[in-house]
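Remarks on the overall topology
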Number of protein chains: 2
Amino acid sequence: MSIYRRNYKWIRTLSPFQLIALFYLFAVTIATILLSLPIAYEPGVDIPFIDTLFVAVSAVSVTGLTPVSIPETFSIVGYFMIALMLQFGGIGIMTLGTIIWIVLGKKIGLRERQLIMTDQNQSNFSGIVRLVLQIVLLVLLIEFIGFLILGTYFLQYYEAGEAYLQGFFGAVSAMTNGGFDITGASLIPFQDDYFVQFINMMLIIAGAIGFPVLIEVKQYLFESGERTRFSLFAKLTTITFFALIVLGAVMIVFLEFNHFFEGRSWHEIIFYALFQSVTTRSGGLSTMDVSQFTEQTHLFMSSLMFIGASPSSVGGGIRTTTFALVVIFILTFARGKGSIRIFRREVHNEDLNRAVVVTLMAVLTVFFSVLVVSIVEPFSMSEILFEICSAFGTVGLSLGITSELTTFTKLLLMGLMFIGRIGILTFLFSFKKEKKKGNYHYPKERVIIG
Amino acid sequence: MSIYRRNYKWIRTLSPFQLIALFYLFAVTIATILLSLPIAYEPGVDIPFIDTLFVAVSAVSVTGLTPVSIPETFSIVGYFMIALMLQFGGIGIMTLGTIIWIVLGKKIGLRERQLIMTDQNQSNFSGIVRLVLQIVLLVLLIEFIGFLILGTYFLQYYEAGEAYLQGFFGAVSAMTNGGFDITGASLIPFQDDYFVQFINMMLIIAGAIGFPVLIEVKQYLFESGERTRFSLFAKLTTITFFALIVLGAVMIVFLEFNHFFEGRSWHEIIFYALFQSVTTRSGGLSTMDVSQFTEQTHLFMSSLMFIGASPSSVGGGIRTTTFALVVIFILTFARGKGSIRIFRREVHNEDLNRAVVVTLMAVLTVFFSVLVVSIVEPFSMSEILFEICSAFGTVGLSLGITSELTTFTKLLLMGLMFIGRIGILTFLFSFKKEKKKGNYHYPKERVIIG
Ligand SMILES: [K+]
Ligand SMILES: [K+]
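An unreviewed UniProt entry lists chain A under the name Trk-type K+ transport system, membrane component, with Salimicrobium flavidum as the source organism. You can read under Subcellular location (unreviewed entry) in the UniProt record for chain A the words "Cell membrane".

Here's what the structure looks like:
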């Protein structure tokens, strides 16, 4: 007993944030080991270790950036390994960890609940276990429906086995916002098939809009019980989410009207713009070679990827809520109001501080990443910015430079995918000792601000 | 009497912020009219109105960006006009306005004091009038000393009249951080003359470090009275100011070691790096063609110009204090502390909010400016970013694209110089109605942050 306690003592001294970072690192290690098995590869294919590690990090963080072509490199066994990593990375290692605990019949204690709470960013403890089950079942259900629809529909393109394999991998990759493809060219083969694009957009949105929103929508639709009011969080994140998609599509149309969209029909323009806007939320799949867009569109898409998906989703970036709070904060401040109110609710100062810190840290991180990478790589600033925002937002779009990057840049991108996925706050707090509140105060003194 | 009151009623409804914006616009108008006089030009020279307006805005905002060569375009009368605009723009139109009031024997009322307070960002009302006098006298004294030293020293380069003209314009341009030159090539003619460079750096620093710091240093040195403690503001801004200069110089050496600095002596490297770092605080003069630096150095210098000078100085940007508070805010938050303490003083939450809003607004402004300008201009992203940060920081450095810009971009840069000089907060608040505090509160609800 005393040996047991001593062995696990160091785990008990870790904060939930540190444990989450640790579990993700553990998942990456397992994923790397799996992808080191020869059975994962096409016969005769061998890739450098750095690329194996890169694909493992990219899969666990559901980013989708890859220096190698998945169908040319990996076997069908490899496909299933990657799909499994996307599931674990997407739904959240913590969530699945809890499932295992439930399955093993163990009671979930406060510490474990706290862990899930931090990973999925849930603010209230109660109903966490039920929530986790709901999330996993919901995701699996949506994926299964996606698999059936896509697989069956693909029978017109492929023979049966290949059709359902493509349907399976496609549904998992879209729903987890994994961004990987086994077509060899993302969704470009389906650039004229609006049905495939529509299903993929629905799956990407379902994954990126945030689990709490899915749960609340489900409760609203199927449970006519006491809870009919949508939470402040659900309203704020959903409005921001769709506002960003519309804004993104409109801007892409505006910026590409005389370039990529020249001579195209209105429905082509709408679908190209809409899909490429949706995919910057964190999907990473694309229906065209995004490097064909202009530099301005790349810059704008970089900012969309930087914002990323909703919190408690399969996406990354600073998150839609963070962006919304920062915008509201600026507007409220400019109008000289003291407290921040949205939908007749007051926002906590602490949440505001978090949003601001996340945004400023992210800006600094991206800026210095671009600076450092531009020293070692021959690519243009906007190509580098695009790749870095794609990694930080765990999006997975690329202007085609991933395979040509140096080992240094690949390592840096892995770090960004990791930070983007676990969130800058978790990353920051994973270095932190347990919080000690200072009880003494110094005298206040004003400071002049620009 | 009733007519008098009716006529000025609208002025009384303006906030101090609105009045400052209005006065700056007024100064630009006067400057444009002055620069429209043929006597300001070299014989036979005629420039488009947009360029006249650009030089006027650039001079009043002490930026130094110009689409035309000053010595090739303007006459000696024009030089003196520009020097006068730099004085008014540098020391602050409000400050000089007050001087005029004092000279005219009028008593300075609360409203006027408030005006100066906002322009020079002073937090306490008392001693404002004395302060203004001190500032103006100090600036004129430093400029006069600079003029004597530079003019006399220049006798080895020019004949007497030209030497003292160069000395006069050079001292005014350096001390007000105007960044204009009448050599035709900034300080490049003096790239081997470390004495001229040293004097110019001292003048630039004196102008950019902030008037309150100058006043406190003067009090510390010459008045052995009660006030010996430096204010929190003076300590914070001075440390940040010099830290940025050292960081900038070190980074320039690091980034250019195998490029621009290859084969140069250690003293050349030190002076080139130090001068080009100092000048990004807001000076705008340079001892070399900065376009010879690498793209990485341009990116880094853009971020330095974005930060800009100290508040209550002749510079622009988000200001050093803002940057320092944001950095301290992030660090304090990461360490989980509740209140922000520096030098045994607690920082007001309101100041923190201001710093954060200024920074975020500035990031958004620069980002969208780069996006918009890159649509209409053929230049690279980093050239455009450099020009935009130079305008926003009222620095005046350029990679040589200013004269080739479209009218649209010139207008946008004028806007940025204006915003950079009056400060984003003043700009924001110039749209604001008088502050009404909301006394009711909505129930608080937590929001999930990334
Ligand atoms: K992705
Ligand atoms: K300047």
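Here the narrative resumes, following the displayed structure.
Our next topic: the UniProt feature "transmembrane region" (unreviewed entry) in chain A. When the UniProt feature table is mapped to this numbering, "transmembrane region" (unreviewed entry) covers residues 21-41, 77-104, 131-155, 194-215, 236-255, 314-334, 355-376 and 411-431 of chain A. Along residues 236-255 of chain A one finds 100% helix and 0% strand; the C-alpha atoms at either end are 28 Å apart.

So, about the pattern of salt bridges. All names here are of chain A. For the structure shown, the criterion picks out four salt bridges over all chains. Close ionic contact of Lys 410 with Asp 51 constitutes a salt bridge, the shortest N to O distance being 2.8 Å. One end of the pair, Lys 410, is in helix α18 (residues 407-422); the other, Asp 51, is in helix α3 (residues 49-60), and 359 residues separate them in sequence. As far as burial versus exposure is concerned, Lys 410 and Asp 51 are alike and both buried. Residue Arg 264 is joined to Glu 268 by a salt bridge in which the shortest nitrogen-to-oxygen separation is 3.8 Å. Owing to a relative accessible area of 28%, Arg 264 belongs among the partly exposed residues under this scheme.

A four-donor tetrahedral metal ideally has 109.5 degree angles, and a six-donor octahedral metal ideally has angles of 90 or 180 degrees. Residue and element names in this part refer to chain A. In this structure, Val 62 (O), Thr 63 (O), Asn 177 (O), Ser 282 (O), Gly 283 (O), Thr 394 (O) and Val 395 (O) serve as the protein donors to the potassium ion (ligand 1), at separations of 2.3 to 3.2 Å. Site description for the potassium ion (ligand 1): donor spacing in sequence, V-T-x113-N-x104-S-G-x110-T-V. Here Gly 283 lies in helix α13 (residues 266-283) and Val 62 lies in the loop between α3 and α4 (70-73), a separation of 221 residues in the sequence. Look at Val 62 and you get buried, because its relative accessible area is 0%.

The next thing to look at is the coordination of the potassium ion (ligand 2). Residue and element names in this part refer to chain B. Protein ligation of the potassium ion (ligand 2) involves Val 62 (O), Thr 63 (O), Asn 177 (O), Ser 282 (O), Gly 283 (O), Thr 394 (O) and Val 395 (O), the donor distances falling in the range 2.4 to 3.2 Å. Spacing between the donor residues of the potassium ion (ligand 2) along their common chain follows V-T-x113-N-x104-S-G-x110-T-V. Of the two residues, Val 62 is situated in the loop between α3 (49-60) and α4 (70-73) and Ser 282 in helix α13 (residues 266-283); the sequence distance between them amounts to 220 residues. With respect to burial, Val 62 and Ser 282 carry one shared label: buried.

The next point concerns the environment of A:Asp192. Residue and element names in this part refer to chain A. Mapped onto the elements of the fold, Asp 192 is located in the loop between α9 (160-175) and α10 (194-208). For Asp 192, a relative accessible area of 59% translates into the label exposed. As a C-alpha pair, Asp 192 and Thr 287 span 95 residues in sequence and 8.8 Å in three-dimensional space.

Across all of its chains, the model carries 42 aromatic pairs over all chains by this definition. Their ring planes at 85° and their centres at 6.4 Å tell us that A:Phe147 and A:Phe168 sit as a pair that is edge-to-face. With A:Phe147 in helix α8 (residues 128-153) and A:Phe168 in helix α9, this residue pair connects regions lying 21 residues apart in the sequence. The class for A:Phe147 is partly exposed, based on a relative accessible area of 22%. When its relative accessible area of 25% is taken as the criterion, A:Phe168 is described as partly exposed. Between B:Phe80 and B:Phe168 the ring centres are 5.0 Å apart and the planes differ by 25°, which places this aromatic pair in the stacked class. Of this pair, B:Phe80 sits in helix α5 (residues 76-91) while B:Phe168 sits in helix α9 (residues 160-175); the two residues are 88 residues apart in sequence, bridging distant segments of the chain.

Quick notes on the rules
Residues numbered from 1 in each chain as written. Chains lettered and ligands numbered in written order. Predicted model: local features only at pLDDT ≥ 70, side-chain atom pairs only at ≥ 80, totals over all residues. Heavy atoms only, no water. UniProt positions renumbered as here; feature names shortened; annotations may be inferred. Helix = DSSP H or I, 4+ residues; strand = E, 2+ residues; numbered from the N terminus. Salt bridge = Lys/Arg side-chain N within 4 Å of Asp/Glu carboxyl O. Buried < 20%, exposed > 50% of the residue type's maximum accessible area, 1.4 Å probe, protein only. Donors = N, O, S within 2.8 Å, 3.2 Å for Na, K, Ca; no water. Phe/Tyr/Trp six-rings, centres within 6.5 Å; stacked < 30°, edge-to-face > 60°.

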